[in-house]
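A closer look at the structure
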Amino acid sequence: MGQLNGKVAFITGVARGQGRSHALTLAQEGAAIIGLDLCAKPTSTAYPGASEDDLRETVRLVEEIGGEIFVDVADTRDYEQVRDVFDRGLERFGRVDVVIPNAGICSGAKTWEISPRDWREMVDINLNGVFHTVKAAIPQLISQDEGGSIVFIGSTEALKGAENISSYAASKHGVTGLMTSLARELGRHRIRVNSVNPTCVDTHMINNDFVYGLFRPDLERPTRDDVIGTFADTHLLPVPWIEPRDVSNAILYLVTEPGRYITATTLVVDAGFIVKS
């Protein structure tokens, strides 16, 4: 018996990276998955967007382990698109128990060099898209009257900020504020609201020339091998980054019985990053 048998999870950004990992982790514990992904490249990122092939691969992997999944392409910046996918998933599975607004991007520059367009895109995806996700799902969670769990994907930068990525840090600080406010509003409905706040996670978001350049500005074109040591130096534990499954396992803890009394918490999974820096 899985810890989430009979439960349904709504996850955005499921085509690859953390989102795919979250979907697989919860599906392994018996949850059915409602998911969506933009499957296109945002304007401001230095790395490619997920593709529809990536999204199909997530479906294949979930079904391969015996899970059920409903997905479609949608842009979290558009509330009606998010609501449409959620409603069609709800029609198929009949309920929702876990909501994970995972979709997000990272880009940046010195604050005064960020274009207004790029700033808006960051906030629109990382904060407005998160709001759209929970807005679509919360009425159903409340109407079921069985509790539930919302887990936001924060960041260490949601708690401290960093140079050259102020738009990202600002958007993630906004997620923290949304999380704590919702925890206050939804506690009476037995709906718990938390965030997982990781250090760098080994996905496309950190594996690109922009981020490598932030960590090794002394090199003209640093590679992954060039930055491993610098990444590791930011942590107390001798690791350069964590894996998507480390975030997924933290989510699993929060949405299952062991986490039943945890709410309004920023669960930091950072190999000691915040303390060291």
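The structure under discussion appears in the preceding block.
Presented here is a report on the structure given in the accompanying data block. All residue numbers refer to positions counted from 1 along the written sequence of the respective chain. The model is predicted, so local features are restricted to residues of pLDDT at least 70 and side-chain atom pairs to those at 80 or more, both for listing and for counting; the totals for chains, interfaces and linings are taken over all residues. With hydrogens and water set aside, each side-chain value is computed from the structure's full complement of heavy atoms.

Turning our attention to the pairing of strand β6 (residues 191–198). Burial here depends on accessible area, computed with a 1.4 Å probe over protein chains only, as a share of the maximum for the residue type. Under 20% is buried, over 50% is exposed, and the range in between is partly exposed. Helix and strand definitions here come from DSSP, where helices need a minimum of 4 consecutive H or I residues and strands a minimum of 2 consecutive E residues; each element is numbered from the N-terminal end. Of all 8 residues in β6, 8 are buried, a share of seventy percent or more. The alternating pattern of β6 places Ile191, Val193, Ser195 and Asn197 on one face and Arg192, Asn194, Val196 and Pro198 on the opposite face, and all of these are buried. By convention, a crossover is right-handed whenever its connection, traced from the first strand over the helix to the second and viewed with the strands pointing away, goes clockwise. Of the crossover connections in this fold, the one passing from strand β5 (residues 148–153) over helix α5 (residues 166–186) to the parallel β6 is right-handed. Should DSSP find at least two bridges between two strands, the strands are taken to pair. Sheet topology note: the β6/strand β7 (residues 266–269) ladder contains 4 bridges and is parallel.

So, about the packing of helix α1 (residues 17–28) against helix α8 (residues 244–255). Interaxial angle, 0 to 180 degrees, is taken between N-to-C directions of lines fitted to C-alpha atoms, where a helix line uses only the stretch in contact. In the contact formed by α1 and α8, the axes pass within 9 Å of each other and the chain directions differ by 45 degrees. The orientation of α1 relative to α8 falls into the category oblique. As for how α1 packs across α8, the hand of that crossing is right-handed. The segment α1 lies against α8, with Gly17, Gln18, Ser21, His22, Thr25 and Leu26 engaging Pro244, Arg245, Val247, Ser248, Asn249, Ile251, Leu252 and Val255. Classification convention: Asp, Glu, Lys, Arg as charged; Ala, Val, Leu, Ile, Met, Phe, Trp, Tyr, Cys, Pro as nonpolar; all other residues, Gly among them, as polar. Along the lines of polarity and charge, the residues of the contact of α1 with α8 split into 6 nonpolar, 7 polar and 1 charged. Oblique is the label for every angle not falling under 35 degrees (roughly parallel), over 145 degrees (roughly antiparallel), or within 65 to 115 degrees (roughly perpendicular). Handedness of a crossing is defined here by the sense of rotation of the near helix relative to the far one, left-handed for an anticlockwise turn of less than a right angle and right-handed for a clockwise turn. Residue contacts follow a heavy-atom distance rule, with two residues in contact if any of their heavy atoms lie within 4.5 Å.

A word on α8. In this model α8 runs 17 Å from its N-terminal to its C-terminal C-alpha over 12 residues, within 8% of the 16 Å that 1.5 Å per residue would give. Among the residues of α8, Pro244, Val247, Ser248, Ala250, Ile251, Leu252, Leu254 and Val255 are the ones counted as buried. Tucked inside the fold, the buried residues of α8 contact α1, β4 (98–100), β5, β6 and β7. Multiplying 1.5 Å by the helix residue count minus one yields the expected span of that helix.

Turning to the nonpolar core, a few remarks are in order. Remark: nonpolar core denotes a set of buried residues (Ala, Val, Leu, Ile, Met, Phe, Trp, Tyr, Cys) joined through side-chain atoms within 4.5 Å. Core analysis: the largest hydrophobic core is formed by 34 residues, its most contacted members being Ile11, Leu26, Ile33, Val196 and Ile251. Sort the elements by how many residues they give to this core and α8 lands first, with 6 residues. Each residue touching Ile33, except ones within four places of it in the same chain, is listed here: Ala9, Ile11, Ala23, Leu26, Ala27, Glu68, Ile69, Phe70 and Phe93. Of all hydrophobic cores here, the second largest spans 30 residues; its members include Phe10, Tyr79, Ala137 and Val175.

This part takes up the packing of helix α4 (residues 116–144) against α5. Between two packed helices, both the angle of their axes relative to each other and the distance between the axes serve to describe the pair. Viewed as axis vectors pointing N to C, α4 and α5 meet at an angle of 15 degrees, and their least axial separation amounts to 8 Å. When the axis of α4 is compared with that of α5, the two are roughly parallel. For the crossing formed where α4 meets α5, the hand is right-handed. Residues Trp119, Met122, Val123, Asn126, Leu127, Val130, Phe131, Val134, Ile138 and Ile142 of α4 lie in contact with α5, whose contacting residues are Ser166, Ser167, Tyr168, Ala170, Ser171, Lys172, Gly174, Val175, Leu178, Leu182 and Leu186. When the residues that make up the contact of α4 with α5 are grouped by side-chain class, the tally is 15 nonpolar, 5 polar and 1 charged.

To continue, consider the sheet that holds β5. Taken in spatial order, the 7 strands line up as β3-β2-β1-β4-β5-β6-β7 in an open sheet, and their pairing is parallel. Edge positions in the open sheet fall to β3 (69–73) and β7, since each of these has one partner strand only. Between one strand axis and the next, the sheet turns by 15 degrees as a mean value, whatever way the strands run. Alignment of β5 against β6, held across 6 bridges, turns out to be parallel. Residue pairing across strands places Ile153 opposite Val196, the latter belonging to β6.

Such coordinate-based values are descriptive only and should not be taken to indicate function.
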